[in-house]
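Here are the chains, one letter per residue:
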Amino acid sequence: MTKKPSKTKDFLSASTENPLKIAEKEKLLKPKSTEKKMTMRTRQSTRSAEITKPMSPKELKPKPKPKKKEDSKMPKKPPTAFFYFLEDFRKEYQKQNPDVKSMRDVGKACGEKWKIMSYEEKVQYYDIATEKRAAFDDAMTEYKKRKQENDEDQGSGDNYEKLMYFKG
C-alpha cells in the first residue's frame, strides 16, 4: 500500500516555492481533466502577486473620520453622581494620605468606596446630579430654540438674496 501525499504538507512546503513550480507539482498530482482549471489559477495567482505590493504602515492605518464642528455655545453635559462623589472623596483621601500623588490610586480607592456605599449614602450625590441634569436640559432646549431660529433667519435671508439676484 502506498501512502497518498498529504495535502497539508504539500501546501506548507509550497508556500515558500515559486508559484510556477507549485503549478507543475499540482499538475503531476491531479488528473488531466483539471489541468485547464489549474493553469488559470496559476495565471491569476502570478498576476496578483505581481500587482500587489507590500503596504507601508501609513497605508495600513485607517483614515480618520472628519470631525464634526463643535459649537462652543452648546451647553456641556453635567457630570454623573459618581463624579460629584469623586470631588468630595478626593479631598478627604488626600488629607488622610498626603503621600499618595497618583490619580490612579485615588480613583481605585474611590471606585471601591462607591461600590461599598449604600443607596442612602449615595442619595445626596444623585440629588446634585439630577439638579444639574435638569438645568442642563433647560439650557439645551433653549440652545436648540436659538439655533433653530438662527437657522431659519439665515435660510430666509439666503432665499431673499437669491430672489433679488434672479430678478435684478
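Above: the structure in question.
Because the structure is predicted, anything quoted here is derived from the model rather than measured. (Residues numbered from 1 in each chain as written. Predicted model: local features only at pLDDT ≥ 70, side-chain atom pairs only at ≥ 80, totals over all residues. Heavy atoms only, no water.)

**So, the packing of helix H5 (residues 81-96) against helix H6 (residues 103-116)**
Here comes step 1: Two elements in contact, H5 and H6, have axes separated by 10 Å at closest approach and are oriented at 120 degrees. Compared by their axis directions, H5 and H6 come out oblique. Between H5 and H6 lies a crossing of right-handed hand. Of the residues in H6, those in contact with Ala 81, Phe 82, Phe 85, Leu 86, Phe 89, Arg 90 and Tyr 93 of H5 are Met 103, Asp 105, Val 106, Ala 109, Cys 110, Gly 111, Lys 113 and Trp 114.
Here comes step 2: Of the residues that constitute the contact of H5 with H6, the class distribution is eleven nonpolar, one polar and three charged. (Axes fitted to C-alpha atoms, helices over the stretch in contact; angles between N-to-C directions. Helix = DSSP H or I, 4+ residues; strand = E, 2+ residues; numbered from the N terminus. Parallel < 35°, antiparallel > 145°, perpendicular 65-115°, else oblique. Left-handed = near helix turned anticlockwise from the far one by under 90°. Contact = heavy atoms within 4.5 Å. Nonpolar A, V, L, I, M, F, W, Y, C, P; charged D, E, K, R; others polar.)

**Some details on the pattern of salt bridges**
Here comes step 1: This model, assessed by the stated rule, comprises two salt bridges.
Here comes step 2: Between Arg 133 and Asp 137 there is a salt bridge, and its shortest N-O distance comes to 3.7 Å. With a gap of four residues between them, Arg 133 and Asp 137 both fall in helix H7 (residues 119-167), about one helical turn apart.
Here comes step 3: Residues Glu 142 and Arg 146 are paired through a salt bridge, measuring 3.9 Å at the closest nitrogen-oxygen approach. With Glu 142 and Arg 146 both in helix H7 and four residues apart, the pair spans about one turn of that helix.
Here comes step 4: Look at Arg 146 and you get partly exposed, because its relative accessible area is 39%. (Salt bridge = Lys/Arg side-chain N within 4 Å of Asp/Glu carboxyl O. Buried < 20%, exposed > 50% of the residue type's maximum accessible area, 1.4 Å probe, protein only.)

**A few points about the packing of aromatic side chains**
Here comes step 1: For the structure on display, the rule yields ten aromatic pairs.
Here comes step 2: Cluster of aromatic residues (ring-pair linked, three or more members): Phe 82, Phe 83, Phe 85, Phe 89, Tyr 93, Trp 114, Tyr 119, Tyr 125 and Tyr 126. (Phe/Tyr/Trp six-rings, centres within 6.5 Å; stacked < 30°, edge-to-face > 60°.)

**Brief notes about the environment of Ala 139**
Here comes step 1: Positionally, Ala 139 belongs in helix H7.
Here comes step 2: Using a relative accessible area of 28% as the deciding quantity, one classes Ala 139 as partly exposed.
Here comes step 3: Along the backbone, Ala 139 and Met 74 are 65 residues apart, and their C-alpha atoms lie at a distance of 8.6 Å.

**Things to note about the environment of Tyr 143**
Here comes step 1: Positionally, Tyr 143 belongs in helix H7.
Here comes step 2: Residue Tyr 143 is classed as buried on the basis of its relative accessible area, which comes to 5%.
Here comes step 3: Sequence separation between Tyr 143 and Lys 73 is 70 residues, and the spatial gap between their C-alpha atoms is 7.9 Å.
Here comes step 4: Residue contacts for Tyr 143: discarding those within four places in its chain leaves Asp 71, Lys 73, Met 74 and Pro 75.

**Here we look at the layout of surface pockets**
Here comes step 1: For the second largest pocket, the calculated volume is near 170 Å³.
Here comes step 2: Lining the second largest pocket are Asp 71, Lys 73, Tyr 143, Arg 146, Lys 147, Asn 150, Asp 151 and Gln 154.
Here comes step 3: Partitioned by chemical class, the residues of the lining of the second largest pocket number one nonpolar, two polar and five charged. (1 Å grid on protein atoms, 1.4 Å probe; cavity = no way out; pocket = protein on both sides within 12 Å on 5 of 7 lines; lining within 4 Å. Points joined across faces, edges and corners; volume = space filled by probe spheres on them.)

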